[in-house]
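Residues per chain are reported as follows:
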Amino acid sequence: MVSTSTLKAMRTGRHACFDRVVFDLSGKPTAYSVHYTSNVFRAGAGHLVPLRGGAKLEIMLGVQEMDAAGHWAFEPRETDVTGYRTFRQIEYAGSTEGAAWVGLGVRARLPFRVFTLAGPGSGSRIVVDVAHTW
C-alpha cells in the first residue's frame, strides 16, 4: 500500500547521550527502514551521495514526494550538524516510487534506534537516535 503522507520537514537535535534526526510527516507512513550501508546512492539515478563520517546510515521513509495538489511537499535544504558529537552530514537522497531516501553520515558505526510518534494533529514523526558511544 502506498502512503498518502508526505515529508514536511527534517530537523536535528543534540542530546546528552545521542544525536537525533526527526522527520515530520503529514500523516502516517506505510513503512520506514534505517540500516548501515557501505554507500548511499541517489534514488532512481544511482549516483553516489558522498557523506562525511566513518559510517553511513541509509534511511527510507514510505512517503509521497508530492501533495494531493501535485506540489512538491518537501524542499530539501542543507542541515548544519556542526558541533554534533555523532552526526557528520545529512543529505536528502531523493525519492522514488512512494519513498523518500536520506543519507546520514556518522562518526562511527554506533548503536541507533528508530521509532514513531503521533502528532501533532493528524501528522506523525519518525525519529532516529544515534548514540555517542558504544
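The structure under discussion appears in the preceding block.
Read on for a plain summary of the structure. (Residues numbered from 1 in each chain as written. Predicted model: local features only at pLDDT ≥ 70, side-chain atom pairs only at ≥ 80, totals over all residues. Heavy atoms only, no water.)

1. Describing the side chain of Asp24
Within the fold, Asp24 resides in strand β2 (residues 18-25). Classification of Asp24 as buried rests on a relative accessible area of 13%. Beyond its immediate sequence surroundings of up to four residues, Asp24 is in contact with Thr6, Leu7, Lys8, Ala9, Arg11, Ser124 and Arg125. (Helix = DSSP H or I, 4+ residues; strand = E, 2+ residues; numbered from the N terminus. Buried < 20%, exposed > 50% of the residue type's maximum accessible area, 1.4 Å probe, protein only. Contact = heavy atoms within 4.5 Å.)

2. Thoughts on the nonpolar core
Grouped together as the largest cluster of nonpolar side chains are 27 residues, with contacts concentrated most on Phe23, Phe87, Leu104 and Val130. Mapped onto this core, the elements with two or more residues apiece are β1 (7-14), β2, β3 (32-37), β6 (55-61), β7 (87-96), β8 (99-106) and β10 (124-131). (Core = buried A, V, L, I, M, F, W, Y, C linked by side-chain atoms within 4.5 Å.)

3. Description of the environment of Ala45
Mapped onto the elements of the fold, Ala45 is located in the loop between β4 (40-41) and β5 (48-49). Among the residues examined, Ala45 registers a relative accessible area of 45% and is labelled partly exposed.

Shape descriptors only; they carry no functional weight alone.
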